[in-house]
Amino acid sequence: YRCMMMVSVEWATADSKPVRPAAALDVYKGPLFNDGAGVLGGAVSFAAGNAPRSIAAADVDADGRLDLLTANTLSGNVTLFRGDGLGGFGAPEATAVGSTPRSVVMGDFNRDGRIDFAVVNRQGNQARCYLNDGTGLFTLAGSQAVGELPWFVTAADFDGDGVLDLASANEGGRSVSVLRGLGDGTFEARVDLAVPNQTRAVAAADLDGDGDADLASAVFGAGVVSVLRNLRNGLASCPGDVDGDGDVDFGDLNALLGVFNAPCP
């Protein structure tokens, strides 16, 4: 994951100005139910924390029903809504996560078969991971620094070791931070990947069909999408990185000269 190549793609955008939600936004507006023909009904609202900015869905209590999590920026918490399987949700259950959580992502970060979550907090520039006890109660596993003013977080296995990693889009840092998961809900120190300007979203997917998770970042400040190709081929290093540390340095000089001007596969 430490060797990625960025390509900036010009992308049409109607308006590059940020949209600021109302100051008292404290109601989750949804869901909108599909009639099977693509027609969605009216919204049903559920009270959430103050200024929810991100939402994710998964079955956190293993009852076969999808639940929801919202990251609530101004109340400093994540709210769990337990699904009843019929489109309804129970009373909100809040987990304190620190100041100004901006985005939440769900996944099994310690490989115990339970759905955990991770958030990024703008104040303090942190990613935090909370582990699920199996009933939907979460405890902090650890935190790690990300780039300046994180706006969005996603999870994927970038290095092919079977453990979920994190990637955050950092508005202030003009970067995407990649944090390698250690399999217990904690992460290695970040690696920052530069993008042309402020970024507010990032998505992980195999964009070049080589079996590795790549990244695409929406660069709000430049009106482009930046594609960050994963060149590690799982655990393999880029040409020139003979010691597998993610960097080409003097110790790799001979190997680097052997592939000089050759693109990473």
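Above: the structure in question.
Here is a short report on the structure shown in this document. (Residues numbered from 1 in each chain as written. Predicted model: local features only at pLDDT ≥ 70, side-chain atom pairs only at ≥ 80, totals over all residues. Heavy atoms only, no water.)

### Structural notes on the environment of T70
Now for step 1: Among the structural elements, T70 can be located in strand β5 (residues 67-72).
Now for step 2: The buried category is assigned to T70, whose relative accessible area is 2%.
Now for step 3: Residues T70 and A56, 14 residues apart in the sequence, show an inter-C-alpha distance of 6.7 Å.
Now for step 4: Those residues within four positions of T70 in sequence are excluded, and the remaining contacts are A48, P52, S54, I55, N77, V78, T79, F81 and V104.
Now for step 5: Within the structure, the side chain of T70 is placed 3.0 Å from the side chain of N72, a separation counted as a polar contact. (Helix = DSSP H or I, 4+ residues; strand = E, 2+ residues; numbered from the N terminus. Buried < 20%, exposed > 50% of the residue type's maximum accessible area, 1.4 Å probe, protein only. Contact = heavy atoms within 4.5 Å. Polar contact = N/O pair within 3.5 Å; in protein donor to acceptor, adjacent residues only side chain to side chain.)

### Side note on the pattern of salt bridges
Opposite charge on two side chains permits them to pair, given that their charged atoms come into close proximity.
Now for step 1: Throughout the structure, instances matching the rule amount to 10 salt bridges.
Now for step 2: When the shortest N-O distance is used, the salt bridge between R82 and D61 registers 3.0 Å. Here R82, found in the loop between β6 (77-81) and β7 (93-96), pairs with D61, found in the loop between β4 (52-58) and β5; they are 21 residues apart in sequence, far enough to count as distant.
Now for step 3: Across the pair R190 and D192 runs a salt bridge, and its minimum N-O distance is 2.8 Å.
Now for step 4: Its relative accessible area of 35% is what places R190 among the partly exposed residues.
Now for step 5: Three or more residues joined by partner-sharing salt bridges are found here, namely D159, D161, R180 and E188. (Salt bridge = Lys/Arg side-chain N within 4 Å of Asp/Glu carboxyl O.)

### Details of unusual backbone geometry
Now for step 1: The backbone phi angle of A62 is positive, close to 60°, even though this residue is not glycine.
Now for step 2: In this fold, A62 is placed in the loop between β4 and β5.
Now for step 3: Even without glycine at this site, N125 takes up a positive phi of about 55°.
Now for step 4: Within the secondary structure, N125 is located in the loop between β9 (116-121) and β10 (126-132).
Now for step 5: Residue classification places N125 among the partly exposed residues on the basis of a relative accessible area of 23%.

### Here's the deal with the packing of aromatic side chains
Now for step 1: Taken as a whole and judged by the stated rule, the model has 5 aromatic pairs.
Now for step 2: Judged by centre distance (5.1 Å) and plane angle (15°), the rings of F117 and Y130 are stacked. Of this pair, F117 sits in strand β9 while Y130 sits in strand β10, and the two are 13 residues apart along the sequence.
Now for step 3: Accessibility expressed as a relative area gives 0% for F117, which makes it buried. (Phe/Tyr/Trp six-rings, centres within 6.5 Å; stacked < 30°, edge-to-face > 60°.)

### Comments concerning the sheet that holds strand β13 (residues 165-170)
Now for step 1: With antiparallel pairing, 4 strands are arranged side by side in an open sheet as β12-β13-β14-β15. For this open sheet the edge positions go to β12 (150-156) and β15 (191-194), each flanked by a neighbour on one side alone. Between one strand axis and the next, the sheet turns by 25° as a mean value, whatever way the strands run.
Now for step 2: Note: β13 against strand β14 (residues 175-179), 5 bridges, orientation antiparallel. When the bridges of β14 are listed, L166 appears paired with L179. (Pairing = 2+ DSSP bridges. Axes fitted to C-alpha atoms, helices over the stretch in contact; angles between N-to-C directions.)

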